[in-house]
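Take a look at the letters that make up each chain.
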Amino acid sequence: MMASLSRLRLASPEGVGLLLLAAYAAYGLFWLGSIDERDRLFFYEVTLSGLLAGVMYSLVALGFVLIFKSSGIFNFSQGVMALFAGLFLTGFMNDFGVPAFLAIPLTVAVMVAVAFAVERFVLRHLVNQEPIILFMATIGLAFVLEGVGDILWGSDVKPLDVGLPRGASDFLLDGYGLYVEKLEIAAAAVAAVLVVALSLFSQYTRIGRALRAVADDHQAALSVGISLRTIWVIVWSIAGAVALVAGIMWGSKSGVQFSLALIALKALPVLILGGFTSIPGAILGGLIIGVGEKWAEIYLGEVMNALFGLNASWFTAIENWFAYVLALAFLLVRPQGLFGEKIIERV
Amino acid sequence: MAALAETSDAAETLLLVSNIEVIYNHVVLVLKGVSLSVPRGGITALLGGNGAGKTTTLKAISSLLQSERGEITKGSITYRGEPIAGLNPSELVRKGVIQVMEGRHCFAHLTVEENLLAGAYTRGDGRAAIARDLDLVYDYFPRLKERRRSQAGYTSGGEQQMCAIGRALMSRPQTILLDEPSMGLAPQLVEQIFGIVKRLNEEQGVSFLLAEQNTNVALRYAHYGYILESGRVVMDGPAAQLRENPDVKEFYLGMSEEGRKSFRDVRSYRRRKRWLS
Ligand SMILES: Nc1ncnc2c1ncn2[C@@H]1O[C@H](COP(=O)(O)OP(=O)(O)OP(=O)(O)O)[C@@H](O)[C@H]1O
Ligand SMILES: [Mg+2]
């Protein structure tokens, strides 16, 4: 009770953060009203493309959260899993001519096999070890997956076309004068469906309930007969499928390439923002980072120049590091993240 | 004739623990040869002070030791005549043996009802049967029905204990290993919970192995008792007999003819006892 009251106090770091945010939003609206039509459309486009890039971060972060919640493992290899899935998918389609509607389930099967292998050869032997050891194991796993992908499919950039719509959305272009890729809208839609399906699954099914039970209390879950091994295989399979979706989206846009693994690094600030245990947090965190870095890239240089006379060129590549600065600032204000699960203290 | 006697004996004794030793982390020897048996339809109490090894004994039976780097290095455990020492907890729950852990361990972010349903995880007999048992649990614990939609983490200690027992019941167990149900609860709540345990035992035929520090209450509800001291059974007998035993009275029930003895006497008693055994 006291805690929730003090959480609302404006003098707290969070209160200050909220006030700043409100002031910022008000200023933004005012600014938006003051600029001309063309600039405003440009702003919308920047925002939308940020949101859509954010969806990708959200998907990777989602995989992280699933595994972290159910096993306490910080899975460094989540980004590489997206690459790995993408490589198999393009391999099946481009090298063997398998049509997309078959290649996708095949790749899901590969990711399930990876989940089994991870449980059998890594997790099973490391239960009860320190989290840092498990984290190291996932770093190793990342290298193994990357290596296997490279050996099997080569390291060149592979085009991926699973039949997602391409080009600009005519509806938005003709109706509102906005240029938005159809592909990105499809990505957002798929991500939304995925998230809804996942939350229905975890809320209303027996296995979903078991997943949440394991996330809450391993020992108790064991005591009622839930097999942790089964749960781990399921969770890693789901994370693999989510990685595949991320791989498809990213790969459709810019080809499947090894830099895909780097989006995993962007997932870290997303997680700090959203909280390591919250699925909605992962989604919202991804969107905030996506939009934030696009805004920063386009506008921050000008603003800093106008306000403080700073050299605008200092901020040219800010898209690459904005997320980390934001995460750092966020750590100071709200370390458990936006939606970090409240730890229920009483026993 | 001998075979017949053996089978009827196996039907009587559900759980038989023979002379087990348990070592934690490969070095800490905690149980030094514990033997006990749990008959069908009985409430068997496992008594002893802090660190005596009660929880370790229960976890050795339910296989929860595996996840705590504990290991049974000697002795055997059988359930209805079958060895069960190598099974995992999930197989044991399917066989009808389930542990209610010390400190309740409800799933804090799940609602009370979801906790109960999680207890039915291993069952494959359909939603209707599970729904019937849910109603049964709510009959025994009306309080849980009132709180069914609350997150278990926000319910009171007594409600959590009920939730933990109810969750175990949802697996349709034959034997419940109940670890320290009285811990941290007010006396009348303790009576209430033990009353329900007794009813479950009589009406549902559930057998209990009950680890307790609260000797007084446990011996009033149990049929038989074992007293554990630093990893060894030092005494056992029918509950009524243990209640009347002068040593038990003195050291576990806190009464004695010439009033309470000093701590030093207790210590020397223990030391003597260890030399003797
Ligand atoms: N995971 C573990 N690793 C090492 N030693 C342990 C572990 N768990 C328990 N022990 C030790 O084993 C001994 C017996 O512990 P146990 O929990 O079985 O006692 P208990 O009779 O249940 O006591 P209490 O009434 O306090 O619950 C204690 O000395 C304890 O320190
Ligand atoms: Mg104990």
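Residues numbered from 1 in each chain as written. Chains lettered and ligands numbered in written order. Predicted model: local features only at pLDDT ≥ 70, side-chain atom pairs only at ≥ 80, totals over all residues. Heavy atoms only, no water.

Participant: Residue-level account of the sheet that holds strand β1 (residues 13–24) of chain B, with values.
Facilitator: Residues and elements named next belong to chain B. Strands sit in the order β2-β1-β4-β5 across an open sheet of 4 strands; the sheet is antiparallel. A single partner strand is all that each edge strand has here, and the edge strands are β2 (28–39) and β5 (82–83). With 2 bridges connecting them, strand β4 (residues 70–79) and β5 associate as antiparallel partners. In the strand pairing of β5, Tyr79 is matched with Glu82. Contacting β1, β2 and β4, helix α2 (residues 54–62) runs over the sheet at an angle of about 115° to β1. (Pairing = 2+ DSSP bridges. Helix = DSSP H or I, 4+ residues; strand = E, 2+ residues; numbered from the N terminus. Contact = heavy atoms within 4.5 Å. Axes fitted to C-alpha atoms, helices over the stretch in contact; angles between N-to-C directions.)

Participant: Kindly report on the packing of aromatic side chains, identifying the contributing residues and their values.
Facilitator: Residues and elements named next belong to chain A. For the structure shown, the criterion picks out 17 aromatic pairs over all chains. Between Phe74 and Phe135, the aromatic rings sit 5.5 Å apart at their centres with planes inclined by 65°, giving edge-to-face as the arrangement. One end of the pair, Phe74, is in the loop between α3 (37–71) and α4 (78–96); the other, Phe135, is in helix α6 (residues 131–153), and 61 residues separate them in sequence. By relative accessible area, which is 23% here, Phe135 ends up partly exposed. Considering the side-chain rings of Phe96 and Trp153, the 6.3 Å spacing of their centres and the 90° angle between planes classify their relative orientation as edge-to-face. Here Phe96, found in helix α4, pairs with Trp153, found in helix α6; they are 57 residues apart in sequence, far enough to count as distant. A relative accessible area of 59% places Phe96 in the exposed class. With relative accessibility at 13%, the residue Trp153 sits in the buried group. Aromatic rings pair up to connect Phe64, Phe68, Phe74, Phe76, Phe135 and Phe276 into one cluster. (Phe/Tyr/Trp six-rings, centres within 6.5 Å; stacked < 30°, edge-to-face > 60°. Buried < 20%, exposed > 50% of the residue type's maximum accessible area, 1.4 Å probe, protein only.)

Participant: Go over the UniProt feature "transmembrane region" (unreviewed entry) in chain A, please, and point to the residues and values.
Facilitator: All names here are of chain A. According to UniProt, the feature "transmembrane region" (unreviewed entry) maps to residues 41–66, 73–92, 98–119, 131–153, 185–205, 226–250, 270–291 and 321–339 in the numbering used here. Note that residues 131–153 is 100% helix and 0% strand, and that its end C-alpha atoms are spaced 32 Å apart. The distance from the first to the last C-alpha atom of residues 226–250 is 36 Å, and the span holds 92% helix and 0% strand. (UniProt positions renumbered as here; feature names shortened; annotations may be inferred.)

Participant: Requested: an account of the side chain of B:Gln99, with residues and values cited.
Facilitator: Along the chain, B:Gln99 turns up in strand β6 (residues 97–100). A polar side-chain atom of B:Gln99 sits 2.5 Å from a polar atom in the side chain of B:Ser62. Filtering out sequence-adjacent residues up to four positions away, B:Gln99 remains in contact with A:Ser223, B:Leu58, B:Lys59, B:Ser62, B:Leu64, B:Leu177 and B:Asp179. (Polar contact = N/O pair within 3.5 Å; in protein donor to acceptor, adjacent residues only side chain to side chain.)

Participant: Mind laying out the pattern of salt bridges, listing which residues take part and the relevant values?
Facilitator: All names here are of chain B. Across all of its chains, the model carries 19 salt bridges over all chains by this definition. A salt bridge links Glu68 to Lys59, with the nearest nitrogen and oxygen atoms 2.5 Å apart. Between Arg147 and Glu159 there is a salt bridge, with the nearest N and O atoms lying 3.3 Å from each other. Of this pair, Arg147 sits in the loop between α6 (142–146) and α7 (157–169) while Glu159 sits in helix α7; the two residues are 12 residues apart in sequence, bridging distant segments of the chain. Overlapping salt bridges, with partners in common, bring together Arg123, Asp125, Asp133 and Arg172 in one network. (Salt bridge = Lys/Arg side-chain N within 4 Å of Asp/Glu carboxyl O.)

Participant: Pulling in residues and values, what's your account of α6(A)?
Facilitator: Residues and elements named next belong to chain A. With 23 residues, α6 extends 32 Å between its outermost C-alpha atoms, agreeing within 8% with the 33 Å of an ideal straight helix rising 1.5 Å per residue. Buried within α6 are the following residues: Leu134, Thr138, Leu141, Ala142, Leu145, Gly149 and Trp153. At its buried positions, α6 is contacted by α4, α5 (100–126) and α11 (228–254). Phi for Gly154, located one or two positions after α6, is positive at around 80°. (Expected span 1.5 Å × (residues − 1).)

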